[in-house]
Amino acid sequence: MSKNHHKVIIIGSGPAGFTAAIYSARANLSPLVFEGNQPGGQLTITTEVENYPGFENGIMGPELMDVMRKQAKRFGAEFAYKYIERVDFSKRPFKLFSGKEIYTADAVIIATGASAKLLGIPSEQEYMGFGVSACATCDGFFFKNQEVIVVGGGDSAMEEANYLTKFASKVTIVHRREGFRASQIMLERAKKNPKIEFVLNSLIEEILGKNENGRKSVTGVRLKNVKTNQTTDIKIDGIFMAIGHKPNTEIFKDMLEMDESGYLKVKNGSTYTKIEGVFAAGDVADKTYRQAVTAAGMGCMAAIDAERWLESQE
Ligand code: NAP
């Protein structure tokens, strides 16, 4: 087992993690960033980012993350394409575990972000990437002139459904009740789109598919009407999950304070968690805004909080 010590370790590689890396590298804290399973975070599965200040004509999500990573590297931040499986914050230095390796740090910045929620049925896993997706901007292109379903009744579902009509011949929004969480403007836009239909009070009971010579594909879904309990099979080519996001906080359970949805709690107006020396920034600690720019802002706050806290310990 090897042991690697750093003053600051950052877990996560979205705008929060990379901004924390830029700031802590410039403060001579030689941070190590664990990029995790999705280097660059959620923006790497989007297309154009039009609302990140400083890019008049927009910038592609993956490019934005690449630039941020390079900017942090320029000041000496190190990057590891590894996933932290476990942490021990019970005493200092803090311990972080990845495979057989143990890393230690005086301060840790958690910027593990959030991931798309899934239904949790086995057929969803089976056809993930073969007709099941949680990212319309990534996979919409593959459904030219085909029929797809979007699951959910929030703004994401409306946005994804509208986006998918650029490719698909028909988009059916399947929602589990009659009321919508989506804002009125987004809902109206979806309702006005001639390619979009709604199926309400319905759940996806099963995703149907076939496997021909090792080539898996989705062929339809079994819907269950929650009012009548009736099931209906309908033919579709793809299904997009838009049922919200969950913060990536599993490994901090029983260690750090979280709200009822699992978002890390930080002290008001700061990035301090209840454990001194452990800071949280970005979507993992922000249920409200969840924007690239707010995550970057929190990443900056976390680096400054960590720097000042480390100074106070000397
Ligand atoms: P959300 O508002 O939490 O909506 C999730 C939807 O999925 C809800 O309709 C929910 O149904 C449904 N759902 C949850 N779990 C389900 C399950 N297991 N099976 C079936 N349906 C399920 O999430 P979101 O749409 O991702 O939006 C999150 C935030 O981002 C919101 O604040 C939203 O305004 C914002 N956002 C904004 C924009 C924009 O302005 N352009 C775009 C996207 C998102 P119930 O309603 O029955 O709970």
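None of the values given here were measured: they were computed from a predicted structure.

**A closer look at the domain arrangement of the protein**
(1) Moving on: Each assigned domain of the protein is listed here: domain 1 (5-115 + 245-313) and domain 2 (118-241).
(2) Moving on: Each of domain 1 and domain 2 has a C-alpha centre, and these two points are 32 Å apart.

**Quick word on the environment of Gly-153**
(1) Moving on: Note that Gly-153 resides in the loop between β11 (147-151) and α5 (155-164).
(2) Moving on: Along the primary structure Gly-153 and Ser-183 are separated by 30 residues, whereas in three dimensions their C-alpha atoms are 9.8 Å apart.
(3) Moving on: Ignoring anything within four residues of it in the chain, the contact list for Gly-153 reads Met-158, His-175, Phe-180, Arg-181 and Ala-182.

**Concerning helix α2 (residues 61-74)**
(1) Moving on: Under the 1.5 Å per step criterion, the end-to-end length of α2 is 20 Å for 14 residues, consistent within 8% with the ideal 20 Å.
(2) Moving on: Among all positions of α2, only Gly-61, Leu-64, Met-65, Met-68, Arg-69 and Ala-72 are buried. Buried positions in α2, seen along its axis, are confined to an arc of 135° and lie on one side of it. Exposed residues on α2 whose side chains face more than 90 degrees from its buried face are Lys-70 and Arg-74.
(3) Moving on: If you follow the buried residues of α2, they end up packed against α1 (15-26), β3 (48-49), β4 (59-60) and β5 (78-80).
(4) Moving on: Just past α2, the residue Gly-76 takes up positive phi, approximately 100°.

**Looking at the nonpolar core**
(1) Moving on: Counting residues in each nonpolar core, the largest one holds 56 residues, and the members touching the most others are Phe-89, Leu-96 and Ile-110.
(2) Moving on: Not counting residues within four places of it along the chain, the set of residues in contact with Leu-96 comprises Ile-9, Ile-11, Ile-84, Arg-86, Val-87, Glu-101, Ile-102, Tyr-103, Ala-105 and Val-108.

**Brief notes about the site of the ligand**
(1) Moving on: If you check the shell around the ligand, you find 16 residues, and the closest are Asp-155, Ser-156, Glu-159, Arg-177 and Arg-181.
(2) Moving on: Glu-159 has a polar side-chain atom sitting 2.8 Å from a nitrogen atom of the ligand.
(3) Moving on: The side chain of Arg-181 places a nitrogen or oxygen atom 2.5 Å from an oxygen atom of the ligand.
(4) Moving on: Surface burial for the ligand is 68%, taken as the share of its 920 Å² of free accessible area covered by protein chains.
(5) Moving on: When residues in the shell around the ligand are grouped by element, the largest group, three residues, is from α5.
(6) Moving on: Grouping the amino acids of the shell around the ligand by side-chain chemistry returns four nonpolar, six polar and six charged.

Conventions used here
- Once a new chain begins, its residue numbering starts again from 1 and follows that chain's sequence as written.
- Local features in a predicted model are, by the rule used here, given only for residues with pLDDT of at least 70; side-chain atom pairs are given and counted only at 80 or more, and totals for whole chains, interfaces and linings are based on all residues.
- Only hydrogens and water are set aside when side-chain values are computed; all heavy atoms of the structure are taken into account.
- What counts as a domain boundary in this text is fixed by an automatic or database domain assignment.
- Numbering of helices and strands runs from the N terminus; a helix is a DSSP stretch of H or I covering at least four residues, while a strand is a stretch of E covering at least two.
- Throughout, a residue-residue contact means that at least one pair of heavy atoms, one from each residue, lies within 4.5 Å.
- Expected span of a helix, by definition, is 1.5 Å for each gap between consecutive residues, and there is one gap fewer than residues.
- Under the scheme applied here, a residue whose accessible area is under 20% of the maximum for its type counts as buried, over 50% as exposed, and between as partly exposed, the area being computed with a 1.4 Å probe on protein chains only.
- When we speak of the arc, we mean the arc of directions from the helix axis to the C-beta atoms.
- We call a set of buried residues a nonpolar core when its members are Ala, Val, Leu, Ile, Met, Phe, Trp, Tyr or Cys and they connect through side-chain atoms within 4.5 Å of each other.
- For this purpose, a residue is taken to be near a molecule or strand whenever a single non-hydrogen atom of the residue falls within 4 Å of it.
- In protein, a polar contact means a hydrogen-donor-capable atom and an acceptor-capable atom, both N or O and within 3.5 Å, with residues adjacent in sequence counting only if both atoms are side-chain atoms; elsewhere, any N or O pair within 3.5 Å suffices.
- All accessibility values rest on the Shrake-Rupley procedure with a 1.4 Å probe; residue burial counts only the protein chains present in the view.
- By the convention adopted, Pro, Cys, Tyr, Trp, Phe, Met, Ile, Leu, Val and Ala count as nonpolar, Lys, Arg, Asp and Glu as charged, and the other residues, Gly among them, as polar.

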